[in-house]
Amino acid sequence: MAIRFWEIYEETHKFFRLRILAGKGGMDHVVGWVHMLEDETIISRFSGQELAVTTGMKAKEKDWLLHLVIAMKQADSTGIIINTGMYLHTVPQEVITWCEENSFPLLVMPWEISIPQLIQNFCTRIMQRVQKEKELSSSFKDIINGHEISEQLLAKIQTRFDPRGTFRIFCIRISFGVEDTSAFLQAMLKLENVLGLWEKGKHIRIPYLVIEYEDCYALTVNNFPSDAGDALAQQILKQFSYFTEKKILFLGIGPEVQGILHLKSAFRRALIASKMALQTKQKVVDFNEMGFFKILFASDDTAILKSYEKQLLGPLDTYDQLHHSDYIQTLRSYIKNDRSLVGAAKDTYTHRNTVNYRIQNIKRLLGSELKTAEDLFPYQVAFYIRDMNL
């Protein structure tokens, strides 16, 4: 949970005599770092969530400050603090109006306040929060790895989370190169902004944590509304749209569990769902909706699964390759339609007699009568494995 502008403001505004002029609606955004800013050209190097402090040295240039805040907003910056009294005595009304209309925090502080001291103070708070995130991440990894939850470990967790409450994990699988690092960091910070203000205009402040573990980024939410899982999944896809459009992001949603003791199983199941999303090239897979695939994707020995599939469906694959037929699809449809020749005929746009002829040949090739559900089940499992795209 990154530190937000409101938090820093509440703890420091009296000491640094800070005053909000406009944009209070954006104060819940994350502060990634603090920069001294006197020249707008550096904004092109911002990666998002920067807070700027300026003396307004160029304020005599027409509309300079307005252009500055607009450029910062476009760069996903968090806000600006103006050190008034030397170069700029009053902030132009059009700047105040624009910041208010666009929820871009605009603050002022007197000239006698030290800018270096403010920047050092703010950056120290940011670094302390980063360190706290590392400690919490380490604690969560210990729980996921099955370590005993000691009183000391529980005390760390309780600084943010309700150990007896509900937990749910969203597992994000994503692959990107060095050139996409900036886009990833921006997406992650945007997601944190969403979590800090889950419903528009309503500060819910859901406890959450993002950890990098086992080739995925696991977002854990605590006491999150049970019916809001799909909405959060869509927000994740939205904030990571750069990656979803490139089809390199896959999301697995784990089930809701009660209590910190079940965090390990919650993570494993979210990981299983993300594995299915990756293998089947689906953007989102919810563990609760995986059906029989829950069991198959829980297996770590994919060689056994592929061997089973080949053993059951191999004879038909070989026959289809030699005779340019499609017995595999006929059998799949026959199983899907619960051994109904009429249903399989409609499903494959084939005459019923043709389907019957093919099924008789398939029975002969497989050495099975395919009469009962017990006869069909092994082949149904084989098709499930094939659909895993191992």
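Here is what the cut-offs are and how they apply
For every chain, the first residue of the written sequence is number 1, and numbering continues from 1 onward in sequence order. Confidence filtering applies because this is a predicted model: local features only for residues at pLDDT of at least 70, side-chain atom pairs given and counted only at 80 or more, and all residues used for totals across whole chains, interfaces and linings. By convention in this description, side-chain values take in all heavy atoms of the structure and omit both hydrogens and water. Starting at the N terminus, helices and strands are each numbered in turn, a helix being any DSSP run of H or I of at least four residues and a strand any DSSP run of E of at least two. Atoms counted for the radius of gyration: C-alpha only. Globule rule: 2.2 Å times the number of residues to the power 0.38. The rule is simple: take the accessible area with a 1.4 Å probe, protein chains only, and divide by the maximum for that residue type; under 20% is buried, over 50% is exposed, in between is partly exposed. Every residue pair with non-hydrogen atoms within 4.5 Å of one another is taken to be in contact. All accessible-area figures derive from a Shrake-Rupley calculation using a 1.4 Å probe, and residue coverage is judged against the displayed protein chains alone. Neither His nor the chain ends contribute to the count of charged residues, in which Lys and Arg are positive and Asp and Glu negative. Taken as the charge centre is NZ of Lys, CZ of Arg, CG of Asp or CD of Glu, depending on the residue. Using a grid of 1 Å spacing that covers the protein atoms alone, one calls a set of points a cavity when a 1.4 Å probe fits there but cannot get out, and a pocket when the set is open and has protein on both sides within 12 Å along at least five of seven lines; lining residues are those with an atom within 4 Å of a point. Grid points are joined across faces, edges and corners, and a volume is the space filled by probe spheres set on the points. As a per-residue measure, pLDDT tells how confident the predictor is, with possible values from 0 to 100. The salt bridge criterion pairs a side-chain nitrogen of Lys or Arg with a carboxyl oxygen of Asp or Glu, the two atoms within 4 Å. The definition of a polar contact used here is a pair of N or O atoms within 3.5 Å, where within protein one atom must be able to donate a hydrogen and the other to accept one, and adjacent residues in sequence count solely through side-chain atom pairs. Here, nonpolar core refers to any group of buried Ala, Val, Leu, Ile, Met, Phe, Trp, Tyr and Cys residues whose side-chain atoms link them within 4.5 Å. DSSP bridges decide pairing: two strands pair if at least two such bridges lie between them. Each axis is a line fitted through C-alpha atoms, and for a helix only the stretch in contact is used; angles between axes span 0 to 180 degrees, taken between their N-to-C directions. For the handedness criterion, the strands are oriented away from the viewer, and a crossover whose path from the first strand over the helix to the second runs clockwise is classed as right-handed. The cut-offs work like this: below 35 degrees is roughly parallel, past 145 is roughly antiparallel, 65 to 115 is roughly perpendicular, and the gaps in between are oblique. When the near helix sits turned anticlockwise from the far one by under a right angle, the crossing is termed left-handed; a clockwise turn instead gives a right-handed crossing. Lys, Arg, Asp and Glu make up the charged group, whereas Ala, Val, Leu, Ile, Met, Phe, Trp, Tyr, Cys and Pro make up the nonpolar group; the residues left over, Gly among them, are polar.

A.B. asks: Can you tell me about the overall build of the chain, naming the residues and giving the values?
C.D. replies: Scanning the chain from terminus to terminus reveals 15 helices and 11 strands. Expected size for 390 residues packed as a compact globule is a radius of gyration near 21 Å; at 29 Å, the chain overshoots this value by more than 25%. Every one of the 390 residues in the chain was classed for burial, and the buried ones make up 49%. Across the chain, contacts joining residues at least 24 apart in sequence account for 72% of those joining residues at least 6 apart. As presented, the chain carries roughly 19900 Å² of accessible surface, and 50% of it is formed by carbon and sulfur atoms. Averaging the coordinates of the 46 positive side-chain charges in the chain and doing the same for the 46 negative ones gives two points 3 Å apart.

A.B. asks: Would you mind going over the layout of surface pockets in detail, with residue names and values included?
C.D. replies: Estimates place the volume of the largest pocket at around 770 Å³. Residue lining of the largest pocket: 30 residues in total, with Val 130, Leu 185, Met 188, Leu 189 and Glu 192 positioned closest to the centre. Of all the secondary structure elements, the ones that give two or more residues to the lining of the largest pocket are helix H4 (115-144), helix H6 (181-196) and strand S7 (208-213).

A.B. asks: Explain the confidence of the model for the chain to me, using residue names and the numbers behind them.
C.D. replies: This prediction gives the chain a mean pLDDT of 91; 97% of its residues lie at or above 70. Contacts for the low-pLDDT stretch residues 198-203, under 50 throughout, to residues beyond four places or in other chains number 11 contacts.

A.B. asks: Lay out the pattern of salt bridges with the relevant residues and their values.
C.D. replies: By the definition in use, this model includes 14 salt bridges. Residues Arg 160 and Glu 133 are paired through a salt bridge, measuring 2.2 Å at the closest nitrogen-oxygen approach. Pair noted here: Arg 160 is in the loop between helix H5 (151-158) and strand S6 (166-174) and Glu 133 is in helix H4, with a separation of 27 residues, a long-range link. Each member of the pair, Arg 160 together with Glu 133, is buried. The partner of Glu 309 in a salt bridge is Arg 386, and the shortest N-O contact between them spans 2.6 Å. Taken together, the positions of Glu 309 in helix H11 (residues 302-323) and Arg 386 in helix H15 (residues 373-387) put the pair 77 residues apart, joining distant regions of the chain. A relative accessible area of 14% places Glu 309 in the buried class. Among the charged side chains, a salt-bridge network with shared partners connects Asp 39, Glu 40 and Lys 58.

A.B. asks: Run through the side chain of Ser 368, naming residues and quoting values.
C.D. replies: In this structure, Ser 368 sits in the loop between helix H14 (352-366) and H15. Here the side chain of Ser 368 touches Leu 370 through a polar contact of 3.3 Å, landing on its backbone nitrogen. Not counting residues up to four positions away in its chain, the partners in contact with Ser 368 are Lys 363, Asp 375 and Tyr 379.

A.B. asks: I'd like a rundown of unusual backbone geometry, residues and numbers included.
C.D. replies: Within the chain, Asp 76 stands out as a residue other than glycine whose phi angle is a positive 60°. On the secondary structure map, Asp 76 appears in the loop between helix H2 (64-74) and strand S4 (79-84). In the Ramachandran plot, Asp 338 falls in the positive-phi region, its phi being about 55° despite a non-glycine side chain. Counting through the fold element by element, Asp 338 comes out in the loop between helix H12 (327-336) and helix H13 (341-348).

A.B. asks: Mind laying out the nonpolar core, listing which residues take part and the relevant values?
C.D. replies: Residues Leu 219, Val 221, Ile 236 and Phe 240 are the most contacted members of the largest nonpolar core, which totals 25 residues. Among the secondary structure elements, those contributing two or more residues to this core are S6, H6, strand S8 (216-222), helix H7 (229-239) and strand S9 (249-253). Per element, the largest residue contribution to this core is 5 residues, and it comes from H6. Aside from chain neighbours lying at most four places away, what touches Val 221 is Thr 166, Phe 167, Arg 168, Phe 170, Leu 195, Ile 206, Pro 207, Tyr 208 and Leu 232.

A.B. asks: Go over the sheet that holds strand S3 (residues 50-54) with me, naming the residues and quoting the values.
C.D. replies: Pairing within the open sheet is mixed, and its 5 strands lie in the order S1-S5-S4-S3-S2. Because the sheet does not close on itself, it has two edges, and the strands there are strand S1 (19-22) and strand S2 (33-36). Taken pair by pair, the neighbouring strands of this sheet meet at an average axis angle of 25°, ignoring direction. Judged from the 4 bridges that link them, S2 and S3 form a sheet pairing that is parallel. The residue of S3 that forms the bridge with His 35 is Ala 52. Along the sheet face, H2 touches S3 and S4 and points at about 150° away from the line of S4. Sitting on the sheet, H4 is in contact with S2, S3, S4 and strand S5 (106-110), with an inclination near 160° to S2.

A.B. asks: Run through the pairing of S4, naming residues and quoting values.
C.D. replies: Of all 6 residues that make up S4, 6 are buried, and the element is covered over most of its length. Bridge analysis of S3 against S4 gives 4 bridges, and the strand direction is parallel. Its bridge partner being in S4, Val 53 is matched across the sheet by Ile 81. Crossover connection from S3 via H2 to parallel S4: handedness right-handed. Both S4 and S5 contribute to a ladder of 5 bridges, which runs parallel. Bridge pairing links Asn 83 to Met 109 in S5. With respect to chirality, the unit in which S4 leads through helix H3 (residues 93-101) into the neighbouring parallel S5 is right-handed.

A.B. asks: Explain the packing of H4 against H5 residue by residue, including any values.
C.D. replies: Direction vectors running N to C along H4 and H5 enclose 125°, while the axes themselves pass 10 Å from each other. Relative to H5, H4 is oriented oblique. As H4 runs across H5, the sense of the crossing is left-handed. Contacts between H4 and H5 involve Leu 136, Ser 139, Phe 140 and Ile 143 from the former and Leu 153, Lys 156 and Ile 157 from the latter. By residue class, the composition of the contact of H4 with H5 is 5 nonpolar, 1 polar and 1 charged.

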